[in-house]
Amino acid sequence: MEQKLQYIQARAMEEMSGAGSLEDLNEVRIRYLGKKGELTGVLRGMAALSSEERPRIGQAANRVRAEIEARLEERMSQLKDSLREKKLSAETIDITLPGTVFSTGKLHPLTAVTRQIEDIFLGLGFSIAEGPEVEMDYYNFEALNLPKEHPARDMQDTFFITPEILLRTHTSPVQVRTMERTAPALPVKIIAPGKVYRRDDDATHSPMFHQIEGLVVDKRITFADLRGVLQVFAEKMFGSETRTRFRPSYFPFTEPSAEVDISCGMCGGEGCRVCSRTGWLEILGCGMVHPRVLEMSGYNSSEVTGFAFGMGVERITMLKYNLDDMRLLFDNDVRFLAQF
Ligand code: PHE
């Protein structure tokens, strides 16, 4: 009996070592330890043994079973390991290859700069107003103190849809629309971004371009407030070293009026090719709101004052990125746009 057990164990061990797959191994298990397996058969046969023999053989059989089970476990994990190894070496993933680059779109430089300008003024307590691009002559000219035969209309020729309706030449009509809506409440503190149209077309002018208008109306608003706001804007937009310069100018809807320059960021004001050796770059027009404009829009010009400014977004974008041709902004060439 004991010899038979030893023989079963030796054969089981040999067959387990020879099993080349988990399936083969399972067959070996069934052959020896299964319900009709060889070792199970021996245990069943123990009933026929004498009572002295039975415990000894029983112990031996249990030892054989334990050893076969232990070897089974061991062989199983060996086979699993080699299976995984095989799978891994069959897969040809080169983890040093560069990943897939997804091209994500980005904002057009004009949109990005517009948002940047908006953020600066929102931070100063302004809100954003809008007006129509197809505008009435009244808002674009007349209510801004440019009556029908005013010579300053010539500088802003545009497309007339009817004698009274036109493509707006600037965002200043939003000043009037906003004041009409708000009067006589105070304060008025808005910026108005949008498209404007003029009969212009060269390297630094486009028939369609963008402006951002600014308007503040309240009691005791002075030119010093205008200077302060625009100085803060210039520093936030072009860097804290930036200086501003106000030159006398003329607009029918502001009095006094000024043109604002910033110190050239390229040479720091020394004079270079970018600033035509002047050290300064023009960025906008501005002034104190003309009393007649305040009156026409419903405000009492002996009680309130205000300032206004209008800047060209293309111009600011060109200065910020040192572009020499405005048309680059409208060609929609991705080789250009992808650089921002
Ligand atoms: N509307 C003027 C222009 O387009 C700019 C401006 C706005 C000037 C507000 C003064 C005040 O040239």
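One can find the structure itself at the top, above this paragraph.
Residues numbered from 1 in each chain as written. Predicted model: local features only at pLDDT ≥ 70, side-chain atom pairs only at ≥ 80, totals over all residues. Heavy atoms only, no water.

Trainee: When you look at the side chain of Arg153 in this model, what are you seeing that I'm missing?
Mentor: Residue placement: Arg153 occurs in the loop between α6 (137-140) and β3 (160-162). Taking the relative accessible area as the measure of exposure, Arg153 reaches 11% and is therefore buried. Here the side chain of Arg153 touches Asp137 through a polar contact of 3.0 Å, side chain to side chain. Looking at Arg153, its side chain comes within polar contact range of the main-chain oxygen of Leu146, at 3.0 Å. Excluding residues that lie within four positions of it along the chain, Arg153 makes contacts with Asp137, Phe141, Glu142, Leu146, Pro147 and Lys148. (Helix = DSSP H or I, 4+ residues; strand = E, 2+ residues; numbered from the N terminus. Buried < 20%, exposed > 50% of the residue type's maximum accessible area, 1.4 Å probe, protein only. Polar contact = N/O pair within 3.5 Å; in protein donor to acceptor, adjacent residues only side chain to side chain. Contact = heavy atoms within 4.5 Å.)

Trainee: How should the sheet that holds β3 be read in this particular structure?
Mentor: What links the strands of a sheet is backbone hydrogen bonding, and the strands pair in either a parallel or an antiparallel sense. Strand order in the open sheet made by the three strands is β2-β4-β3, with antiparallel pairing throughout. Two strands bound the open sheet, and with one partner strand each, they are β2 (134-136) and β3. Here the average twist between neighbouring strands, direction ignored, is 30 degrees. Taken together, the two bridges between β3 and strand β4 (residues 165-167) define a ladder with antiparallel strand orientation. Considered in β4, the bridge of Phe160 is made with Leu166. (Pairing = 2+ DSSP bridges. Axes fitted to C-alpha atoms, helices over the stretch in contact; angles between N-to-C directions.)

Trainee: Where do I start with helix α5 (residues 109-123) in this structure?
Mentor: An α-helix turns once every 3.6 residues. As a result, residues three or four positions apart point the same way. End to end, α5 covers 21 Å across 15 residues, agreeing with the expected 21 Å (1.5 Å per residue, within 8%). Within α5, the full set of buried residues consists of Pro109, Leu110, Val113, Thr114, Ile117, Glu118, Ile120 and Phe121. Following α5 by one or two positions, Gly125 adopts a phi angle in the positive range, close to 95 degrees. (Expected span 1.5 Å × (residues − 1).)

Trainee: Looking at this structure, how should I read the packing of aromatic side chains?
Mentor: Between two aromatic rings, the relevant description is the distance of the centres plus the angle of the planes. Inspection of the entire model under this criterion finds eight aromatic pairs. Summarising the aromatic geometry, the rings of Phe121 and Phe126 are spaced 5.2 Å apart at their centres and angled 75 degrees between planes, so their arrangement reads as edge-to-face. Considered together, Phe121 and Phe126 belong to a single accessibility category, that of buried residues. Arranged with centres 5.3 Å apart and planes meeting at 20 degrees, the rings of Phe121 and Phe233 form a pair that is stacked. Taken together, the positions of Phe121 in helix α5 and Phe233 in helix α8 (residues 223-238) put the pair 112 residues apart, joining distant regions of the chain. Accessibility classification places Phe121 together with Phe233 in one group, the buried group. An aromatic cluster is present here, built from Phe121, Phe126, Phe233 and Phe309 joined pairwise through their rings. A cation sits over an aromatic face here: Arg177 above Tyr139, 4.2 Å from the ring centre. (Phe/Tyr/Trp six-rings, centres within 6.5 Å; stacked < 30°, edge-to-face > 60°. Lys NZ or Arg CZ within 6 Å of the ring centre and 35° of its normal.)

Trainee: How should I be thinking about the site of the ligand in this particular structure?
Mentor: Near the ligand there are 15 residues, and of these His170, Ser172, Arg198, Gln211 and Glu213 occur at the shortest range. Between the ligand and His170, the relevant distance is 3.0 Å, taken from a nitrogen atom to a side-chain nitrogen or oxygen of the residue. Gln211 places a polar side-chain atom, nitrogen or oxygen, 2.9 Å from an oxygen atom of the ligand. Here the ligand, which alone exposes 330 Å², has 92% of that area covered by the protein. (Near = heavy atom within 4 Å. Areas by Shrake-Rupley, 256 points an atom, 1.4 Å probe, with all protein chains shown as cover.)

Trainee: Quick question: what am I supposed to make of the packing of helix α1 (residues 2-18) against helix α4 (residues 53-90) here?
Mentor: Two measures define how a pair of helices packs: the angle their axes make with one another and the distance between the axes. Relative to each other, α1 and α4 sit at 5 degrees, their axes nearing to 10 Å. Taken together, the axis directions place α1 and α4 in an arrangement best described as roughly parallel. Together, Glu2, Leu5, Gln9, Ala12, Met13, Met16 and Ser17 of α1 and Arg56, Ile57, Ala60, Ala61, Val64, Glu67, Ile68, Arg71, Leu72 and Arg75 of α4 make up the contact between the two elements. When its residues are assigned to classes, the contact of α1 with α4 shows 10 nonpolar, two polar and five charged. (Parallel < 35°, antiparallel > 145°, perpendicular 65-115°, else oblique. Nonpolar A, V, L, I, M, F, W, Y, C, P; charged D, E, K, R; others polar.)

Trainee: I'm lost on the environment of Arg247 in this one. Help?
Mentor: Along the chain, Arg247 turns up in strand β7 (residues 244-251). When its relative accessible area of 27% is taken as the criterion, Arg247 is described as partly exposed. In sequence terms Arg247 and Thr162 are 85 residues apart; their C-alpha atoms lie 36 Å from each other. Leaving out residues up to four positions away in the same chain, Arg247 has contacts with Ser257, Ala258, Glu259, Asp261 and Glu282. Here the side chain of Arg247 touches Asp261 through a polar contact of 2.8 Å, side chain to side chain.

Trainee: Mind showing me how you'd approach the pattern of salt bridges here?
Mentor: Where side chains of opposite charge bring their charged atoms close, a pairing between them can arise. A complete count under the given rule lists 17 salt bridges for this structure. A salt bridge links Asp157 to Arg199; the shortest N-O distance between them is 4.0 Å. Here Asp157 is found in the loop between α6 and β3, whereas its partner Arg199 is found in the loop between β5 (188-197) and β6 (208-218), with 42 residues between them in sequence. On the basis of relative accessible area, Arg199 is assigned to the exposed category, the value being 71%. One salt bridge connects Glu282 with Arg247, and the closest N-O pair in it is separated by 3.6 Å. In this pair, Glu282 is assigned in strand β9 (residues 280-289) and Arg247 in strand β7, connecting sequence segments 35 residues apart. Residues joined by salt bridges that share partners form a network here, namely Asp137, Glu142, Lys148, Arg153 and Glu164. (Salt bridge = Lys/Arg side-chain N within 4 Å of Asp/Glu carboxyl O.)

Geometric values such as these leave the question of function open.
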